[in-house]
Amino acid sequence: MENRIFNFSAGPAVLPEEVLLEAKENLYALPGVGMSILEISHRSKTYDEIHATAKKKFKSLLGISEDYEVLFLQGGASLQFSMVPLNLMPPINKADYIVTGTWSKKAVKEAKRVGAVNIAASTETENFVRIPKQEEIKLDPEAAYVHFTSNNTIYGTEWFNEPEVGKVPLICDASSDILSRKIDVNKYALIYAGAQKNMGPSGVTVVVIRKDMLERSQDSLHTMLNYKTHAENDSLYNTINVFGIYIFGLVCKWLENLGGLDAMQKLNQEKAQLIYDCIDNSNGYFRGHALPDSRSLMNLTFRLPSEDLEKKLIAEATKAGFDGLKGHRSVGGLRASIYNAFPKKGVEALVDFMKDFQSKNS
Ligand SMILES: Cc1ncc(COP(=O)(O)O)c(C=O)c1O
């Protein structure tokens with residue numbers, strides 16, 4: 001078998017090896033079906049079972065109650081930047097957005113096409129090095145909802161406690177940390193996430209919506225943009241991404257076998273700590289972008305003493321079998337994305353590599 005390298009990509013990202021191997025088997029013919037998973041109808045009994053099982057496992061992992069619908073949509077998290085305000089802003093027509101990075105800003109841009117946006121807090125003047133404190137968040141008690149981004153993929157910051165929003169519905173873009181740890185879903189009115197970091201391939205967006213929120217969607221909305229359409233049709237109004245949901249189901253099974261989200265969180269904390277310790281013990285050679293209390297467990301961003309050294313490290317790392325470490329241009333430096341499926345041995349290997357690089361280049 002081809003050797004796999006360590007894939008630090010921010011997304012689409014590394015998938016569990018077990019999942020890839022099982023999918024490889026079934027790509028030619030699903031046992032007892034005689035057709036590839038890529039060839040079966042989304043209306044077939046075989047797919048029904050895949051769909052229902054994936055949904056059940058996902059709900060069980062996150063502890064989602066019967067008060068919520070789980071929808072499998074397409075169009076990425078980016079389409080949710082529009083669907084959320086189109087469905088949920090009227091008739092109040094104003095909403096609060098907490099801005100902690102590029103993706104929150106993109107969500108704001110689309111919401112402004114629908115109604116008034118109050119920027120309840122923003123850390124942009126500090127180049128998004130941190131999550132705002134509760135006392136900095138200026139909420140409007142009459143807002144239709146409050147929107148925040150739980151993990152900032154580009155800047156490497158993460159919320160570990162939800163903002164307190166009183167009775168106003170809380171909406172979260174959890175694209176880059178969903179299923180990485182337990183959350184209390186009951187605090188949320190809606191959670192959305194593209195699958196391509198922690199849940200599967202790109203082309204699937206998961207939306208968890210509290211059923212009472214569905215009453216806000218007006219019939220005048222375009223059919224495909226209306227959450228009600230998808231809730232009433234169990235996400236099968238049109239041709240669903242059959243393969244994507246199949247992989248999503250396998251990822252949920254993998255997480256279940258690993259011990260669920262508590263076990264996943266523990267492992268994610270251990271992995272991230274190894275890199276943050278390396279940064280903190282480097283006498284300032286490596287400098288984290290995020291402030292310590294806002295550090296993400298998923299995307300770890302850091303700089304070196306010069307851009308030349310950063311380029312050199314990335315070039316040598318690529319040769320050594322570490323892919324995808326180049327940071328996003330708005331932060332520069334490096335970004336190690338170590339989602340759920342990223343192996344701990346890859347993190348250990350990177351830390352050894354970083355220490356070795358420092359000793360040879362300082
Ligand atoms: C936090 C966050 N939100 C939204 C997006 C956009 O997702 P998509 O490409 O699925 O539209 C991304 C993509 O990386 C992201 O990290």
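Residues numbered from 1 in each chain as written. Predicted model: local features only at pLDDT ≥ 70, side-chain atom pairs only at ≥ 80, totals over all residues. Heavy atoms only, no water.

### Examining the overall build of the protein
Scanning the protein from terminus to terminus reveals nine helices and 14 strands. Its C-alpha atoms give the protein a radius of gyration of 21 Å, near enough to 21 Å, the size a compact globule of 362 residues would have. Considered along the principal axes of its C-alpha atoms, the protein spans approximately 65 × 55 × 30 Å. In the protein, which comprises 362 residues, the share counted as buried stands at 56%. In the protein, of all internal contacts separated by at least 6 residues, the share reaching a separation of at least 24 is 67%. Of the roughly 16,200 Å² of accessible surface on the protein, 51% is carried by carbon and sulfur atoms. Averaging the locations of the 42 positively and 44 negatively charged side chains of the protein gives two centres separated by 3 Å. (Helix = DSSP H or I, 4+ residues; strand = E, 2+ residues; numbered from the N terminus. Rg over C-alpha atoms; globule rule 2.2 N^0.38 Å. Buried < 20%, exposed > 50% of the residue type's maximum accessible area, 1.4 Å probe, protein only. Contact = heavy atoms within 4.5 Å. Areas by Shrake-Rupley, 256 points an atom, 1.4 Å probe, with all protein chains shown as cover. Lys, Arg positive; Asp, Glu negative; His and termini not counted. Charge placed at Lys NZ, Arg CZ, Asp CG, Glu CD.)

### Brief notes about the nonpolar core
Most often, soluble globular proteins keep nonpolar side chains buried together rather than apart. Phe-58 and Ile-275 are the most contacted members of the largest nonpolar core, which totals 89 residues. In terms of residue count, helix 6 (residues 242–258) provides more of this core than any other element does, ten residues in total. Each of domain 1 (17–257) and domain 2 (259–360) gives at least three residues to this core. Sequence-distant contacts of Phe-58, that is, excluding residues within four places in its chain, are made with Ile-64, Val-70, Ile-178, Leu-179, Met-199, Val-206, Val-208, Phe-248 and Cys-252. (Core = buried A, V, L, I, M, F, W, Y, C linked by side-chain atoms within 4.5 Å. Domains from an automatic or database assignment.)

### Comments concerning the domain arrangement of the protein
How big an interface is tends to be expressed through the accessible area that disappears when the partners come together. You can read the domains of the protein as domain 1 (17–257) and domain 2 (259–360). Measuring from the centre of the C-alpha atoms in domain 1 to the corresponding centre in domain 2 gives 27 Å. Between domain 1 and domain 2, the contact holds 29 residues from the first and 25 residues from the second. Taken together, both faces of the contact between domain 1 and domain 2 bury some 2,200 Å²; the carbon and sulfur share is 55%. In terms of surface lost to domain 2, no three residues of domain 1 exceed Val-129, Ile-154 and Tyr-155, which account for 22% of the buried area on that side. Between domain 1 and domain 2 we count one salt bridge in total. Across the pair Lys-182 and Asp-262 runs a salt bridge, and its minimum N-O distance is 3.2 Å. Top contributing element to the side of domain 1 that touches domain 2 by residue count: helix 6, with four residues. (Buried area = accessible area lost by both parts, 1.4 Å probe. Salt bridge = Lys/Arg side-chain N within 4 Å of Asp/Glu carboxyl O.)

### A short note on the sheet that holds strand 2 (residues 68–73)
Read across the sheet, seven strands follow the order 2-10-9-8-5-3-4 without closing on themselves; strand pairing throughout is mixed. The sheet is open, and its two borders are formed by strand 2 and strand 4 (116–122), each paired with just one other strand. Neighbour-to-neighbour, the strand axes of the sheet open up by a mean angle of 20 degrees, direction not taken into account. Pairing of strand 8 (residues 170–173) with strand 9 (residues 190–194) involves three bridges; the strand directions are parallel. Its bridge partner being in strand 9, Asp-173 is matched across the sheet by Tyr-192. Against the sheet, helix 2 (residues 45–62) touches strand 2 and strand 10 (205–210), its axis set at about 125 degrees to strand 2. Helix 3 (residues 76–88) contacts strand 2, strand 3 (94–99), strand 8, strand 9 and strand 10 of the sheet and is inclined by roughly 155 degrees relative to strand 9. (Pairing = 2+ DSSP bridges. Axes fitted to C-alpha atoms, helices over the stretch in contact; angles between N-to-C directions.)

### As for the layout of surface pockets
Looking at the largest pocket, its volume works out to about 360 Å³. Val-14, Glu-17, Ala-341, Pro-343 and Lys-345 are the residues nearest the centre of the largest pocket, which is lined by 18 residues in total. When contributions to the lining of the largest pocket are tallied by element, the ones reaching two or more residues are strand 1 (6–7), helix 1 (17–28), helix 6 and helix 9 (344–360). No fewer than three residues from each of domain 1 (17–257) and domain 2 (259–360) sit in the lining of the largest pocket. The computed volume of the second largest pocket comes to approximately 280 Å³. If you trace the second largest pocket, you find 15 residues lining it, with Ile-131, Pro-132, Lys-133, Trp-159 and Asn-161 closest to the centre. The residue inventory of the lining of the second largest pocket, partitioned by class, reads six nonpolar, three polar and six charged. (1 Å grid on protein atoms, 1.4 Å probe; cavity = no way out; pocket = protein on both sides within 12 Å on 5 of 7 lines; lining within 4 Å. Points joined across faces, edges and corners; volume = space filled by probe spheres on them. Nonpolar A, V, L, I, M, F, W, Y, C, P; charged D, E, K, R; others polar.)

### Regarding the environment of Ile-171
With respect to the secondary-structure elements, Ile-171 resides in strand 8. Classification of Ile-171 as buried rests on a relative accessible area of 0%. Counting along the chain gives 38 residues from Ile-171 to Ile-209, while the straight-line C-alpha distance between them is 9.2 Å. The contact partners of Ile-171, leaving out residues within four places of it in the chain, are Val-84, Leu-88, Tyr-145, Val-146, His-147, Phe-148, Leu-190 and Tyr-192.

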